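Structural characterization, general
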Amino acid sequence: MDFLSTVKGSLLENFYPEGWDLKKIDACCEKGVTEEPFWNPDFTPVECRDIYEFDTFMGHEIALKIKEARDRNEKIALILPVGPMGMYRWAVYFLKAWQVSCSHVFTFNMDEWADGDGNTLPPDNPASFEYAMKEAFFTPLGEFTVPETQRNFATKENLPAYAQKIESLKGEGAKLILVYGIGRMCHIAFWEPHFAADFADENGWKQATHRLGAKLHPLTIEQNAITSFKSRTTLVPCRANTIGPGLFLQADFCIGGADGVLGRGMGWQGMSFLTTLHHGPDIHIPSTFMPTLPGKLFYLKDLAGPLTPECN
């Protein structure tokens, strides 16, 4: 007796996005981190023993990309998430230790909470991603920080301009680095799986650069209630502004992080992580495109399984 044998007629029968083959997703959960034929030759999952190792490794990777661009006298564009977050402390540590100025860095925050019209939280609201980025990364960098005029946040006015700004930077030789997490619903940024129903084909989906006031999936709301709002669902906005695959699939290198382990054997991200690795690219599951791009995906070892019952 399990989900698949009891879902018919239940409240969850039509809950998951159209295009999700739950039997196939379940099979992904048995595969660990074995390599798949569709992975990019330069895609590598990197196991981390604990959250301290995870934060350090991922922060070092971000700092290293910034330093390498500096050494080459090149600009660099970074698409940045708020979640995971612990790696920013270590990125700051390494950049300051190496005395690397970020004057050549251009940042693009991938999403922001919004209402249905795309209006976002004020930047001094502790729940806003702009506030979080300043607290975790920009302010601690001090004299080495990214210039304010080169920081981009996903506001109603600025998000539509991301595509042109990134295109211009790439035209000047800048590499685009995507830093990302994987959502419970396998989203990248807040690009949700149910958005696929709005496109005639994969090509149209891949060209979409952003969405304002996007409707978030209920499990995305609950994920964020757990990870960012101390379980208080009533504080979580139901919509967000977000970049789309037209931007995140342009990345020259990706730095991913999966840290969704809660302790005592509990976690929320194991199925999402293993589906990302093994399902194969599918527009109904956005994160499945990540292994097709060059990069590293840092993950806590517990997420690789075995994903088996344990009554906590």
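Residues numbered from 1 in each chain as written. Predicted model: local features only at pLDDT ≥ 70, side-chain atom pairs only at ≥ 80, totals over all residues. Heavy atoms only, no water.

**Things to note about empty space enclosed by the protein**
- In the structure shown here, the tally under the stated rule is one cavity of 30 Å³ or more.
- Put simply, the largest cavity is a space of about 30 Å³.
- As for the largest cavity, its lining consists of E112, T120, L121, P123, E130, F153, A154 and T155. (1 Å grid on protein atoms, 1.4 Å probe; cavity = no way out; pocket = protein on both sides within 12 Å on 5 of 7 lines; lining within 4 Å. Points joined across faces, edges and corners; volume = space filled by probe spheres on them.)

**A short note on helix α6 (residues 162–171)**
- Y162, I166 and L169 are the residues of α6 that are buried. One side of α6 holds all its buried residues, which, seen down the axis, span an arc of 60 degrees. Exposed and facing more than 90 degrees away from the buried side of α6 are E167 and G171.
- The elements touched by buried residues of α6 are β2 (76–80), β3 (105–109), β5 (151–152), β6 (175–181), β8 (239–243) and α9 (245–248). (Buried < 20%, exposed > 50% of the residue type's maximum accessible area, 1.4 Å probe, protein only. Helix = DSSP H or I, 4+ residues; strand = E, 2+ residues; numbered from the N terminus. Arc of directions from axis to C-beta. Contact = heavy atoms within 4.5 Å.)

**Notes on the sheet that holds β6**
- Taking strand neighbours across the sheet as the criterion, the seven strands line up as β1-β12-β9-β6-β2-β3-β5 in an open arrangement whose pairing is parallel. The open sheet has two edge strands, β1 (43–48) and β5, and neither has a second partner.
- Across five bridges, β2 lies against β3 in parallel orientation. What sits directly across from I76, in β3, is V105.
- Sitting on the sheet, helix α3 (residues 51–71) touches β1, β2, β3, β6, β9 (253–258) and β12 (295–300), and the angle it makes with β9 is about 165 degrees. (Pairing = 2+ DSSP bridges. Axes fitted to C-alpha atoms, helices over the stretch in contact; angles between N-to-C directions.)

**Comments concerning the layout of surface pockets**
- Empty space within the largest pocket amounts to approximately 920 Å³.
- What lines the largest pocket is a set of 26 residues, and nearest its centre among them are C29, M271, L307, T308 and P309.
- The set of elements that each furnish at least two residues to the lining of the largest pocket consists of α1 (3–6), α2 (22–28), β11 (266–267) and α10 (270–278).
- With three residues, α2 is the largest single contributor of residues to the lining of the largest pocket.
- Split by residue class, the lining of the largest pocket holds 14 nonpolar, six polar and six charged.
- Roughly 540 Å³ of volume is contained in the second largest pocket.
- The wall of the second largest pocket is formed by 30 residues, among which V82, G83, P84, Q223 and T227 lie closest to the centre.
- Elements that contribute at least two residues to the lining of the second largest pocket include exactly α3, α8 (218–227) and β10 (261–263). (Nonpolar A, V, L, I, M, F, W, Y, C, P; charged D, E, K, R; others polar.)

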